[in-house]
Amino acid sequence: MMRGTLYIMSGPSGTGKGTICTELLKTRNMYLSVSSTTREMRDGETDGVTYNYTTDEHFEDMIKNGEMLEYAKYGSHYYGTPRKHIEEHLSKGTDVMLEIEPQGAMQVKKIYPDAVLMFILPPSMRELRRRLVERGRETDEQIKARLKNARWEFSQAPYYNKIFVNDNLGMCVREVKMFLDETAQSRRFVEDLLNEKY
Ligand code: 5GP
């Protein structure tokens, strides 16, 4: 049985990575990991589905107990991927998707060097700013902080396997799907080659 592939999707808020992941999951059999976070729940989010919301104390306990595959502080909050389920799905042959920021992505890359890292970029800083303002979820100060952080995140994009520019959502989703198909095909080819009798 062939192992599943571990995919990582990063990109600052406003790049559309969440929507892209949702679209992918409509047509692919993949396990989307549910992260733990200490940030507050936003409107429209569901505990146990969007995130597992928890306290600083509990999160720090999980780190101490080795329950986190990776974690990072983003703003003033913890975000992390629980180790449980990830290896289980991969060894059963199911592909796994982590939607995480670059500090965490680099930690996962060390543990799973064969993980496939994808980064979603906006077409420009100006467009990213426009999307954040239009969303109307944050104050001007918070948007400024988001953009500053976004610049740092962009600087990490060269460490990823594949970079996508989300100028048009439909087109970007198609490109990501094509990339996943190509990756699956080439991994199957390698697997067949390794199993070939000679
Ligand atoms: P938000 O608060 O907007 O939901 O997420 C903030 C950032 O944290 C996003 O870039 C998101 O991808 C990232 N993030 C979400 N879950 C995790 C996680 O488990 N680990 C890490 N390292 N980052 C995460």
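Residues numbered from 1 in each chain as written. Predicted model: local features only at pLDDT ≥ 70, side-chain atom pairs only at ≥ 80, totals over all residues. Heavy atoms only, no water.

> Please clarify how the packing of aromatic side chains should be interpreted in this entry.
This structure, assessed with the given rule, holds 8 aromatic pairs. Judged by centre distance (5.8 Å) and plane angle (90°), the rings of tyrosine 74 and tyrosine 79 are edge-to-face. Of the two residues, tyrosine 74 and tyrosine 79, both sit in the buried class. Among the aromatic residues, those joined into a cluster by ring pairs are Tyr51, Tyr53, Tyr74 and Tyr79. Geometry around tyrosine 78 places lysine 73 over its ring, the cationic atom sitting 4.6 Å from the centre. (Phe/Tyr/Trp six-rings, centres within 6.5 Å; stacked < 30°, edge-to-face > 60°. Buried < 20%, exposed > 50% of the residue type's maximum accessible area, 1.4 Å probe, protein only. Lys NZ or Arg CZ within 6 Å of the ring centre and 35° of its normal.)

> What is the right way to look at the pairing of strand β8 (residues 116-121) in this model?
Two faces, one strand: in a regular strand the side chains alternate between the faces of the sheet. Most of β8 is tucked away: 6 of the 6 residues are buried. Here β8 shows a buried face lined by Val116, Met118 and Ile120 and a second buried face lined by Leu117, Phe119 and Leu121. Bridge count for strand β1 (residues 6-10) against β8 is 4 bridges, and the pairing is parallel. Among the inter-strand pairings, methionine 9 is bridged to a residue of β8, identified as methionine 118. Of the pairings in the sheet, the one linking β8 to strand β9 (residues 162-165) comprises 4 bridges and is parallel in character. Residue pairing for β9: isoleucine 120 is matched across the bridge by phenylalanine 164. (Helix = DSSP H or I, 4+ residues; strand = E, 2+ residues; numbered from the N terminus. Pairing = 2+ DSSP bridges.)

> Is there a simple way to explain the sheet that holds strand β2 (residues 30-32) in this structure?
Two pairing modes exist for strands in a sheet, parallel and antiparallel, and in both the strands are linked by backbone hydrogen bonds. Taken in spatial order, the 5 strands of this open sheet run β2-β7-β1-β8-β9, and their pairing is parallel. Lying at the two open borders of the sheet, with one neighbouring strand each, are β2 and β9. Sheet twist, expressed as the average angle between the axes of neighbouring strands with direction ignored, equals 25°. In this structure, β1 lies alongside strand β7 (residues 95-99), joined through 4 bridges in parallel fashion. (Axes fitted to C-alpha atoms, helices over the stretch in contact; angles between N-to-C directions.)

> For this particular structure, what's the right way to read unusual backbone geometry?
The phi angle at histidine 85 is positive, at roughly 85°, despite the residue not being glycine. Given a relative accessible area of 32%, histidine 85 falls into the partly exposed group.

> Quick question: what am I supposed to make of the pattern of salt bridges here?
Oppositely charged side chains may form a pair once their charged atoms are brought near each other. This structure, assessed with the given rule, holds 11 salt bridges. The partner of arginine 42 in a salt bridge is glutamate 45, and the shortest N-O contact between them spans 4.0 Å. The exposure class of arginine 42 is partly exposed, given its relative accessible area of 23%. Among the ionic pairs, aspartate 61 bridges to lysine 64, the shortest N-O distance being 4.0 Å. Taken together, the residues aspartate 61 and lysine 64, both in helix α2 (residues 56-64) and 3 residues apart, mark about one turn of the helix. Note on aspartate 61: relative accessible area 38%, which makes it partly exposed. Assessed through its relative accessible area of 68%, lysine 64 is described here as exposed. Here the residues in one salt-bridge network are Glu127, Arg130, Arg131 and Glu134, joined through shared partners. (Salt bridge = Lys/Arg side-chain N within 4 Å of Asp/Glu carboxyl O.)

> Hey, could you run me through the nonpolar core in this one?
Core analysis: the largest hydrophobic core is formed by 24 residues, its most contacted members being Leu6, Ile8, Ile86, Val96, Leu98, Val108 and Tyr112. At the level of elements, β1, α3 (86-91), β7, α4 (102-111), β8, α5 (125-135) and α6 (140-156) are the ones that each hand at least two residues to this core. At 4 residues, the largest contribution of residues to this core is made by α6. When near neighbours in sequence (up to four residues on either side) are disregarded, leucine 6 contacts Ile86, Leu90, Val96, Leu98, Val108, Tyr112, Ala115 and Val116. (Core = buried A, V, L, I, M, F, W, Y, C linked by side-chain atoms within 4.5 Å. Contact = heavy atoms within 4.5 Å.)

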